[in-house]
Amino acid sequence: MRTDNNAASSALLNPFDLRGVLLKNRVAMSPLTRSRAGKERLANPMMAEYYAQRASAGLIITEATVISKQGIGWLNSPGIYSDEQAAAWRQVSNAVQSRGASIFLQLWHCGRASHTSFHEEEGLPVAPSAVRLEGDDIHTPIGKVPHETPRALETVEIPLIVEDYLRAAERAKSAGFNGVEIHAANGYLIDQFLQARTNRRTDRYGGSVENRYRFLDEVVRAVLSVWPASRVGVHLAPNGVFNDMGSPDFRETFLYAAGQLNRHELGYLHLVDGLAFGFHQLGPAMTLAEFRTVFKGPLIGNCGYTQETAEAAIRNGHADLISFGRPFISNPDLVERFAHGWPLNPLADMKVWYSFDEVGYTDFPRSGGKG
């Protein structure tokens, strides 16, 4: 967006070549679970409108999208485990691409951050180990209830979940997305395998940092059998406490993971480096600059950034893109506001974030009062 001097001098608003994916600016829309896919977990016209409204971003990463029924842990979140779901997503990818943005689908398995009522046939939530998520209750089809102690996955079951990721990646390709992002952050299944707090296994998937990384490695390799490396990103949250996470060896764990991921020449590494989402305080917070030492590809910073701090991160070479979450909820035209120096709409009331309809979703005013 080069509409005035503010835009012309902006590093954030300059185009970027994301390993062959040409982005019109360095603003990414981060994944935002919004619960508008209904009980069938199908993308729909309301979702297409929502994403299209925000397509002034260079890159859009969709809300987390479950790869299997076993992976479900959120009310009305979308899925990518059936051909019908893949076909429904095409209306979203088409709507965004027709407005000049690229869109990656985020692949998700909730692991222990789930409840039996989401998948009664599958039974208890699964996890690397039978370690219960402590903290807030979970919203489920039967109401708000305490978390259950998950069932530890048998070693022979893990390749089946890797296969689910592969099939989901195939369906994302058929749905017309530009690429996929593997959700390995925020206390969901892959993060649960990575971190010592939740992984107490004694088989080849537990114990050492190398073993705890193995599940993510197998998922990445499966997805790379479908997509070229340049069209695959990975999302990590080294500082996060969400879903009762945080491990004493977090720095060693995440630098090792980033170094291993670097070998694949992925499209990007997406890091929740900001602390606005909570910080476990188990040591100095990890920074984008640290990850630059082990990951040589594009880096996306996330969490709590303003336009000013995003500009600084890019100008200082710490990040190539910055993803924005909550500001995009109430500002569908966030990039235009950045370009013109216009004020942002107030942050939306959290009560409407998951209202299941257009309220608090597609009804925010655009710059100049345009709908």
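Quick summary incoming for the structure in this document. (Residues numbered from 1 in each chain as written. Predicted model: local features only at pLDDT ≥ 70, side-chain atom pairs only at ≥ 80, totals over all residues. Heavy atoms only, no water.)

### Overview of unusual backbone geometry
Trans is the prevailing form of peptide bonds, just as negative phi is the prevailing case for residues other than glycine. Phi is positive for Ser35, close to 60°, though the residue is something other than glycine. Mapped onto the elements of the fold, Ser35 is located in the loop between strand 3 (27-29) and helix 2 (45-53). Even without a glycine there, the phi angle at Cys303 is positive, about 100°. Counting through the fold element by element, Cys303 comes out in the loop between strand 13 (299-302) and helix 9 (307-315). (Helix = DSSP H or I, 4+ residues; strand = E, 2+ residues; numbered from the N terminus.)

### Remarks on the layout of surface pockets
Empty space within the second largest pocket amounts to approximately 300 Å³. Every residue lining the second largest pocket is counted, 16 residues in all, and those nearest its centre are Lys39, Arg41, Ser117, Phe118 and Pro141. Here the lining of the second largest pocket is composed, by residue class, of five nonpolar, four polar and seven charged. (1 Å grid on protein atoms, 1.4 Å probe; cavity = no way out; pocket = protein on both sides within 12 Å on 5 of 7 lines; lining within 4 Å. Points joined across faces, edges and corners; volume = space filled by probe spheres on them. Nonpolar A, V, L, I, M, F, W, Y, C, P; charged D, E, K, R; others polar.)

### Notes on empty space enclosed by the protein
Inspection of every chain in the model, using the stated rule, returns one cavity of 30 Å³ or more. In this model, the largest cavity occupies a volume close to 30 Å³. Contributing to the lining of the largest cavity are Asn239, Gly240, Val241, Val272, Gly274, Phe277 and Gly278. Split by residue class, the lining of the largest cavity holds three nonpolar, four polar and no charged.

### A closer look at helix 7 (residues 250-262)
Between the first and last C-alpha of helix 7 there are 18 Å, a value that for 13 residues agrees with the 18 Å anticipated at 1.5 Å per step. Regarding helix 7, the residues found buried are Phe250, Thr253, Phe254, Ala257, Ala258, Gln260 and Leu261. Projected down its long axis, helix 7 carries its buried residues within an arc of 165°, all on one side. (Expected span 1.5 Å × (residues − 1). Buried < 20%, exposed > 50% of the residue type's maximum accessible area, 1.4 Å probe, protein only. Arc of directions from axis to C-beta.)

### Description of the environment of Ser129
Mapped onto the elements of the fold, Ser129 is located in the loop between strand 6 (126-127) and strand 7 (138-140). Judged by relative accessible area, which is 8%, Ser129 ranks as buried. Considering only alpha carbons, one finds Ser129 and Arg197, 68 residues apart in sequence, at a separation of 9.7 Å. Excluding its chain neighbours within four sequence positions, the residues that come into contact with Ser129 are Pro150, Ala152, Thr198, Asn199, Arg200 and Arg201. Among the polar contacts listed, one links the side chain of Ser129 to the backbone nitrogen of Arg200, at a separation of 2.7 Å. (Contact = heavy atoms within 4.5 Å. Polar contact = N/O pair within 3.5 Å; in protein donor to acceptor, adjacent residues only side chain to side chain.)

### Quick notes on the side chain of Thr62
Summarising the element assignment, Thr62 is placed in strand 4 (residues 59-66). At a separation of 3.1 Å, a polar atom in the side chain of Thr62 contacts the main-chain amide nitrogen of Gln106. Discounting chain neighbours no more than four positions away, the residues touching Thr62 are Pro31, Tyr51, Trp89, Ile103, Phe104, Leu105, Gln106 and Phe177.

### A look at the pairing of strand 11 (residues 232-236)
Most of strand 11 is tucked away, with five of its five residues classed as buried. Of the two faces of strand 11, the one carrying Val232, Val234 and Leu236 and the one carrying Gly233 and His235 are both buried. Inspection of the sheet shows strand 10 (residues 179-183) paired to strand 11 by four bridges, in the parallel sense. The residue bridging Glu181 from the neighbouring strand is Gly233, located in strand 11. Here four bridges tie strand 11 to strand 12 (residues 268-272), and the two strands are oriented parallel to one another. In the sheet register, Val234 faces strand 12, and the bridge partner there is Leu269. (Pairing = 2+ DSSP bridges.)

### Digging into the pairing of strand 14 (residues 321-324)
Here strand 14 shows a buried face lined by Leu321 and Ser323 and a second buried face lined by Ile322 and Phe324. Alignment of strand 3 against strand 14, held across three bridges, turns out to be parallel. Counterpart to Val27 in the pairing with strand 14 is Ile322. Note that strand 13 and strand 14 share three bridges and pair parallel. Looking at strand 14, one finds that Gly301 is bridged to Ile322. Chirality of the crossover, the property in question, places the unit of strand 13, helix 9 and strand 14 among those that are right-handed. (Right-handed = clockwise from strand over helix to strand, strands pointing away.)

### What about the packing of helix 2 against helix 3 (residues 83-97)?
Running from N to C, helix 2 and helix 3 point in directions that differ by 25°, and their axes come no closer than 8 Å. By the angle class used here, helix 2 and helix 3 are roughly parallel. Relative to helix 3, helix 2 is oriented so that their crossing is right-handed. For the pair helix 2 and helix 3, the contacting residues are Pro45, Met47, Ala48, Tyr51 and Ala52 in the first and Trp89, Gln91, Val92, Ala95 and Val96 in the second. For the contact of helix 2 with helix 3, the class distribution of residues is nine nonpolar, one polar and no charged. (Axes fitted to C-alpha atoms, helices over the stretch in contact; angles between N-to-C directions. Parallel < 35°, antiparallel > 145°, perpendicular 65-115°, else oblique. Left-handed = near helix turned anticlockwise from the far one by under 90°.)

### Regarding the pattern of salt bridges
Pairing is possible between side chains that carry opposite charge, provided their charged atoms lie close to one another. On inspection of all chains with the given rule, the structure shows 16 salt bridges. Asp244 is paired through a salt bridge with Arg197; the nearest N and O atoms lie 2.7 Å apart. Here Asp244, found in the loop between strand 11 and helix 7, pairs with Arg197, found in the loop between helix 5 (189-194) and helix 6 (209-224); they are 47 residues apart in sequence, far enough to count as distant. The partly exposed category is assigned to Arg197, whose relative accessible area is 33%. Note that Arg292 is salt-bridged to Asp320, the shortest N-O span being 3.1 Å. A residue pair is termed long-range when its members are at least 10 positions apart, and Arg292 in helix 8 (residues 288-292) and Asp320 in the loop between helix 9 and strand 14 qualify at 28 residues. On the basis of relative accessible area, Arg292 is assigned to the partly exposed category, the value being 21%. One salt-bridge network, in which partners are shared between bridges, spans Arg112, Arg197 and Asp244. (Salt bridge = Lys/Arg side-chain N within 4 Å of Asp/Glu carboxyl O.)

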